[in-house]
Amino acid sequence: MVYIARDGSYRFKVILYGPSLSGKTTMLRSFKSMNPDKVAKVLSIEQDDGRTIFFDYTTVQIHNNIYCDVYAAPGQKRHRKQRIILLKGVDGIIFVADSDPRAIRENLESMNELKTFFGSRFKTIPLVIALNKRDLIDALPITVILRVLNLDRPFVAYPTIAIRGTGIEPVFRSAIRLTILSKLAPSIYRMELLELSKKEPYYIIVRGKAAEEAIYQVSRYV
């Protein structure tokens, strides 16, 4: 939930959510490295193997008095209580889906956890999907991942390779933009959701050294 700090600045809360080892922490650190002047140092609480124990956190300066607090939630099943705590007051979601075929069940379980927590609000909360690890030889087709997630609502999705920084910038920019619109210009945000809902699903994927462009997958919005 957006709040106004003592200094008069606006603060929004965005969370990176997804299964364990899907690349949330790597994505956050990659975004920091691309924007060293606008993104604060990433604070992490993790195990020796690099897995997040409680959360990763950073602050993004959007404007002079507008900030976004970004959290990366731990994905392991045993950290469910920590995730529920982090979801409280969230204004926008970046869901990091793992393209590894062995993670297909974990992707679904993580998305279902979000649906359960938000209930009816899940239909309208800003949601951006990062389809990570697109460099895997056996990466699941994008259509398969999105079908498994079963998202009966508009959303924007980007293919990403977090370890290379591919597709990371548009993921964060899109999520932050939609989040701010939903809170400061809700009528415009609702119009964008309606426009997205009218589109047919289509995909644009540029492979190789070129950055993979945005793809838009839209289910009928009710």
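Predicted model only: the values in this text are computed from it and were never measured. In this numbering scheme, every chain counts its residues from 1 along its sequence in written order. Side-chain atom pairs in this predicted model are given and counted only at pLDDT of 80 or more, local residue features only at pLDDT of at least 70, and totals for whole chains, interfaces and linings cover all residues. The side-chain numbers reported here are obtained from all heavy atoms of the structure, hydrogens and water having been left aside.

### Considering the pattern of salt bridges
Any Lys or Arg side-chain nitrogen found within 4 Å of a carboxyl oxygen on Asp or Glu counts as a salt bridge. The tally for this structure, following the rule as stated, stands at ten salt bridges. Here Glu 113 makes a salt bridge to Arg 80, at a shortest N to O gap of 3.7 Å. Here Glu 113 is found in helix H3 (residues 104–118), whereas its partner Arg 80 is found in helix H2 (residues 80–87), with 33 residues between them in sequence. Here Arg 177 and Glu 192 are joined by a salt bridge, their closest N and O atoms 2.5 Å apart. Taken together, the residues span a long stretch of sequence, with Arg 177 in helix H5 (residues 168–184) and Glu 192 in helix H6 (residues 186–198) at a distance of 15 residues. The buried label goes to any residue with under 20% of its type's maximum accessible area, the exposed label to any with over 50%, and the partly exposed label to all in between, with areas taken from a 1.4 Å probe on protein chains only. The class of Arg 177 is partly exposed, set by a relative accessible area of 44%. A single salt-bridge network, built from bridges that share partners, covers Arg 80, Arg 83 and Glu 113. A run of DSSP states H or I qualifies as a helix once it reaches four residues; a run of E qualifies as a strand once it reaches two. Both are numbered from the N-terminal end.

### Quick notes on unusual backbone geometry
Notably, Lys 133 is not glycine yet its phi reads approximately 65 degrees, a positive angle. Turning to its location among the elements, Lys 133 is positioned in the loop between strand E7 (127–132) and helix H4 (142–149). Owing to a relative accessible area of 22%, Lys 133 belongs among the partly exposed residues under this scheme. Of note in the backbone geometry, Asn 150 takes a positive phi value of approximately 55 degrees without being a glycine. One can find Asn 150 in the loop between H4 and strand E8 (154–159). By relative accessible area, Asn 150 is classed as exposed at 52%.

### Some points on H3
When the terminal C-alpha atoms of H3 are compared, their 22 Å separation across 15 residues agrees well with the 21 Å that a helix rising 1.5 Å per residue should span. When H3 is considered as a whole, its buried residues turn out to be Asn 107, Ser 110, Met 111, Glu 113, Leu 114 and Phe 118. In a view along the axis of H3, the buried residues occupy a sector of 145 degrees, so they form one face of it. Turned more than 90 degrees off the buried face of H3, the exposed positions are Arg 105 and Thr 116. The inward-facing, buried residues of H3 contact strand E2 (10–17), H2, strand E6 (92–98), E7 and H4. Following H3 by one or two positions, Gly 119 has its phi on the positive side, about 60 degrees. Expected span, for any helix, means 1.5 Å times one less than how many residues it has. Our arc is simply the arc of the directions from the helix axis toward the C-beta atoms. Residues are treated as being in contact if the distance between any of their heavy atoms lies within 4.5 Å.

### Examining the pairing of E6
E6 sits mainly inside the fold: seven of its seven residues count as buried. Side chains Gly 92, Ile 94, Val 96 and Asp 98 of E6 all project onto a buried face; the interleaved residues Ile 93, Phe 95 and Ala 97 project onto the opposite face, where all are buried too. With four bridges connecting them, E2 and E6 associate as parallel partners. Looking at E6, one finds that Ile 15 is bridged to Ile 93. Handedness rule for crossovers: strands pointing away from the viewer, path from the first strand over the helix to the second running clockwise, crossover right-handed. Taken together, E6, H3 and E7 form a β-α-β motif whose crossover is right-handed. For two strands to pair, DSSP has to find at least two bridges joining them.

### Observations regarding the environment of Gly 23
Locating Gly 23 in the fold gives a position in the loop between E2 and helix H1 (24–34). Residue Gly 23 is classed as buried on the basis of its relative accessible area, which comes to 13%. Spatially, the C-alpha atom of Gly 23 lies 9.8 Å from that of Ala 72, the residues being 49 residues apart in sequence. Beyond its immediate sequence surroundings of up to four residues, Gly 23 is in contact with Val 96, Asn 132 and Ala 162.

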